[in-house]
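The chain contents come next:
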Amino acid sequence: MERRSASLLQWPHITEMVDAQLVQDLYDAANRMRISAIEMTIASKSGHPTSSCSAAEILSTLFFHEMKYDIRHPKHPSADRFVLSKGHACPILYAAWEEAGHLSREQVMSLRKIDSDIEGHPTPRLDFIDVATGSLGQGLSCAAGMAYVGKYIDKASYRVYCLMGDGETAEGSIWEAAAFASYYKLDNLVAIVDVNRLGQSQETALGHQLDVYKARFAAFGFHAIVIDGNDVNALVAAYAEARTVKDKPVALICKTFKGKGIINIEDQDNWHGKPVPADTIEPIRALLKGSPKGKLHAQKPTLDAPEVGFELGKIKMSSPPEYKLGDKVATRAAYGTALKKLGDTCDRIIGLDGDTKNSTFSEKLLKSHPNQFIECFIAEQNLVGVGIGAGCRGRTIPFCSTFAAFFTRAADQLRMGAVSFANLKCAGSHVGVSIGEDGPSQMALEDLAMFRAIPDSTVFYPTDAVSAERATEMAANIQGIVFIRTGRPALPVIYKNDEVFEIGRGKVVRQSPNDRVLIVGAGVTLYEALKAADTLAAEGIEACVIDPFCIKPLDQQLLVEHAKRVGGRVLTVEDHYQAGGLGESVAAAVADEAGVRVRMLCVRSVPRSGPPDALVEMYGISAKSIVEAVKKSYCDK
């Protein structure tokens with residue numbers, strides 16, 4: 001008599017039954033994938049075969065019975081998405097694509113080789129990977145971003161599956177993502193937890209307490225199902241159940257065993273991240289019942305994802321900046337205006353915020369184009385993860401906004417975004433001591449350092465409303481991670497509306513033939529630099545003032561040219577800590593020039609609450625401080 005899983009008996013309304021031959025085909029596929037995962041980790045002398053083997057049936061049923069995709073175009077806009085949040089188990093994912101015929105035997109056996117894209121954790125160097133994983137706890141946020149776009153923006157039938165390890169559910173970001181998925185009723189999202197009981201160094205916090213996992217996901221609004229994750233019948237039935245659920249995401253809580261199928265290693269501690277002996281392969285091979293590789297094929301996707309109507313490099317605001325010289329406008333407000341204008345012309349521009357939209361002014365997009373805005377609430381790790389997911393496959397151009405200080409909570413998500421080659425725009429407001437009375441917990445003083453450190457990032461620091469609008473427009477047309485640093489104070493417009501800005505090009509805002517010093521400032525400190533230049537000029541000391549506009553890439557040529565012109569005397573002033581900020585960026589840019597010396601004014605201690613002008617003065621970045629520094633450091637006595 002054919003075995004039926006207990007799980008299937010629990011759901012009498014599921015009538016989809018799988019014939020015995022298909023069940024065996026799926027088991028054989030799972031075991032071939034097990035063997036491949038073991039062989040490739042033996043060949044590389046490293047990797048995670050036991051973490052892979054626990055998930056073999058989960059992936060065989062997903063890839064060869066449930067998911068819809070085309071191996072000729074794995075990232076087709078209409079195809080189902082799969083995120084391997086437990087990225088260390090990538091050998092089983094590579095084995096699945098080998099089983100599907102997309103990867104060759106030679107390719108998978110190059111695991112972890114320096115000249116191979118079959119890396120130790122998956123990255124989008126591979127054409128079937130949307131987001132890099134390996135830093136645990138991030139996959140569900142990215143998957144939720146994909147699912148949100150699928151349901152509310154693409155309005156397509158594709159589904160999103162995210163496989164997590166049980167250990168990574170200790171990460172708070174998992175529960176930020178779970179809350180988000182439930183709030184937005186993402187019934188096209190299936191979270192799968194591979195509860196194999198064992199972590200890296202010991203048993204996980206919950207072991208095999210499946211009822212606790214179920215209760216937790218249910219408490220977060222998921223339709224939670226507990227099954228035997230190494231039972232093909234149970235898995236097929238659970239996926240069928242998931243397709244019937246409306247207005248809720250689904251969580252499959254899969255009881256598995258780490259190292260499933262590996263004799264003397266299955267469910268044993270101290271085998272995490274280690275190849276297993278080669279003689280463990282034959283007992284698994286003996287389980288094969290003759291179903292040939294290549295017999296199973298994925299369902300083709302339903303081609304209902306719409307074409308996107310944008311081309312990077314050609315996205316424009318609906319109107320140019322419209323300000324009068326001298327108007328006082330905060331750059332954060334100008335950012336919001338520009339975001340709205342971009343939304344006017346491109347319905348794939350989306351805004352995401354962490355319940356700060358009335359401070360970052362991203363609410364301007366929400367008010368004009370509510371369908372292009374996602375409120376992520378106070379969960380910045382998830383905010384960034386959802387943004388990364390939303391930008392996958394070129395479906396949207398996501399702009400994430402919050403106080404710049406709070407992006408530091410998502411530093412790891414941003415780091416992994418770079419590994420994912422993510423197309424993500426981040427706008428951080430309320431920077432530096434110039435925000436005033438809110439105090440140091442709200443003051444971004446490390447943000448330039450963090451975003452500059454991200455490989456291939458672009459960092460804008462616009463000074464006035466005109467440059468802020470243009471920076472936002474440029475950000476939409478850049479492929480990659482972009483940071484726009486915006487300020488709280490309303491400060492005068494200094495550029496004409498038709499001023500042309502470029503990536504990596506600064507502006508000389510004051511100069512004379514008799515300049516004796518170069519002062520470089522950005523945002524609030526540029527205004528202080530201009531005030532200081534007036535004071536110095538009255539005393540017969542002329543100063544050149546440069547607005548870098550773009551901190552990364554920095555306009556090295558402009559800085560070197562004027563540093564040499566003034567005799568090598570350079571002073572930077574910034575509303576930021578020294579480490580990683582404007583001063584160090586400028587110093588690096590002129591470091592190879594003989595006779596050029598850079599002195600830096602910056603915030604050098606943890607600040608306090610107070611009026612903005614008083615704080616700028618107290619922490620040594622005011623016009624008065626600039627005048628004193630120029631006289632002390634560079635002028636003849």
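Residues numbered from 1 in each chain as written. Predicted model: local features only at pLDDT ≥ 70, side-chain atom pairs only at ≥ 80, totals over all residues. Heavy atoms only, no water.

This part takes up the environment of Glu437. Of note, Glu437 is situated in the loop between strand S10 (424-429) and helix H17 (447-453). When the C-alpha atoms of Glu437 and Gly290 are compared, they prove to be 73 Å apart, with 147 residues separating the residues in sequence. (Helix = DSSP H or I, 4+ residues; strand = E, 2+ residues; numbered from the N terminus.)

The strand order across the open sheet formed by five strands is S14-S16-S15-S18-S19, and the pairing between neighbours is mixed. The sheet terminates laterally at strand S14 (507-510) and strand S19 (597-603), the two strands that pair on one side only. Strand after strand, the sheet turns through a mean of 25° between neighbouring axes, direction not considered. Pairing geometry for strand S18 (residues 569-577) and S19, over six bridges, is parallel. Pairing of Thr572 across the sheet is with Met600, part of S19. Set on the sheet, helix H19 (residues 524-538) makes contact with S14, strand S15 (515-521), strand S16 (542-547) and S18; between it and S16 the angle comes to about 165°. (Pairing = 2+ DSSP bridges. Axes fitted to C-alpha atoms, helices over the stretch in contact; angles between N-to-C directions. Contact = heavy atoms within 4.5 Å.)

In this approach the atoms are scanned with a rolling probe the size of a water molecule, which exposes any empty space left behind. All chains considered together, the criterion is met by seven cavities of 30 Å³ or more. Considered as a void within the structure, the largest cavity measures approximately 90 Å³ in volume. Taken together, 14 residues form the lining of the largest cavity, with Thr331, Gly487, Leu491, Gly523 and Val524 sitting closest to its centre. Split into classes, the residues belonging to the lining of the largest cavity amount to eight nonpolar, five polar and one charged. (1 Å grid on protein atoms, 1.4 Å probe; cavity = no way out; pocket = protein on both sides within 12 Å on 5 of 7 lines; lining within 4 Å. Points joined across faces, edges and corners; volume = space filled by probe spheres on them. Nonpolar A, V, L, I, M, F, W, Y, C, P; charged D, E, K, R; others polar.)

With numbering matched to this structure, UniProt assigns "domain: Transketolase-like pyrimidine-binding" (unreviewed entry) to residues 329-493. Across residues 329-493, helical content stands at 39% and strand content at 19%; the span's end C-alpha atoms are separated by 7 Å. (UniProt positions renumbered as here; feature names shortened; annotations may be inferred.)

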